[in-house]
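Here are the chains, one letter per residue:
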Amino acid sequence: SNYSVSLVGPAPWGFRLQGGKDFNVPLSISRLNDGGKAAQAHVGIGDVVLTIDGISTDGMTHLEAQNK
């Protein structure tokens with residue numbers, strides 16, 4: 001199932017991203033920092049990131065996703 005998460009404020013967001021078009025795997029969460037913004041928002045390890053700021057991550061490279 002899909003759900004939406006909004007992380008407010010400046011970085012750090014408290015997660016590590018993996019994948020992207022350049023790795024031929026979907027962007028997903030590979031690590032969470034205890035007590036970080038992502039963990040507090042109930043993001044889970046293995047969750048696939050479908051959009052960032054309303055923009056589809058399909059075809060987005062890892063670096064493009066990080067920069068967003």
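Because the structure is a prediction, the values reported are computed rather than measured. (Residues numbered from 1 in each chain as written. Predicted model: local features only at pLDDT ≥ 70, side-chain atom pairs only at ≥ 80, totals over all residues. Heavy atoms only, no water.)

**Examining unusual backbone geometry**
Both trends apply: most residues other than glycine have a negative phi, and most peptide bonds are in trans.
1) Next: Cis geometry marks the peptide bond from A11 to P12, where omega comes out at 10 degrees.
2) Next: By secondary structure assignment, the location of P12 is in the segment before strand 1 (15–20).
3) Next: At N24, a position not held by glycine, the phi torsion is positive, near 60 degrees.
4) Next: Tracing the backbone shows N24 in the loop between strand 1 and strand 2 (25–32).
5) Next: Owing to a relative accessible area of 73%, N24 belongs among the exposed residues under this scheme. (Helix = DSSP H or I, 4+ residues; strand = E, 2+ residues; numbered from the N terminus. Buried < 20%, exposed > 50% of the residue type's maximum accessible area, 1.4 Å probe, protein only.)

**Concerning the UniProt feature "domain: PDZ" (unreviewed entry) in the protein**
1) Next: Residues annotated in UniProt with the feature "domain: PDZ" (unreviewed entry) correspond here to residues 9–68.
2) Next: Its end C-alpha atoms 14 Å apart, residues 9–68 is made of 17% helix and 30% strand. (UniProt positions renumbered as here; feature names shortened; annotations may be inferred.)

**Looking at the pairing of strand 2**
1) Next: Bridging between strand 1 and strand 2 involves five bridges; their strand directions are antiparallel. What sits directly across from Q18, in strand 2, is S28.
2) Next: Counting the residues between successive antiparallel strands, the hairpin from strand 1 to strand 2 contains four residues, one of them, N24, with a positive phi of roughly 60 degrees. (Pairing = 2+ DSSP bridges.)

**Considerations on the nonpolar core**
1) Next: Formed by L17, L27, I29, A38, V43, V49, I52, M60 and A65, the largest nonpolar core amounts to nine residues.
2) Next: Apart from residues no more than four positions distant in its own chain, A38 is found in contact with L7, W13, G14, F15, L32 and V43. (Core = buried A, V, L, I, M, F, W, Y, C linked by side-chain atoms within 4.5 Å. Contact = heavy atoms within 4.5 Å.)

**Considerations on the side chain of T57**
1) Next: On the secondary structure map, T57 appears in the loop between strand 4 (55–56) and helix 2 (62–67).
2) Next: In this structure T57 touches L27, V49, L50, T51 and I52, once residues within four positions along its chain are discounted.

**Looking at the environment of G46**
1) Next: If you trace the backbone, G46 turns up in the loop between helix 1 (37–40) and strand 3 (51–52).
2) Next: Sequence separation between G46 and S30 is 16 residues; the distance between their C-alpha atoms is 6.0 Å.
3) Next: Apart from residues no more than four positions distant in its own chain, G46 is found in contact with S28 and I29.

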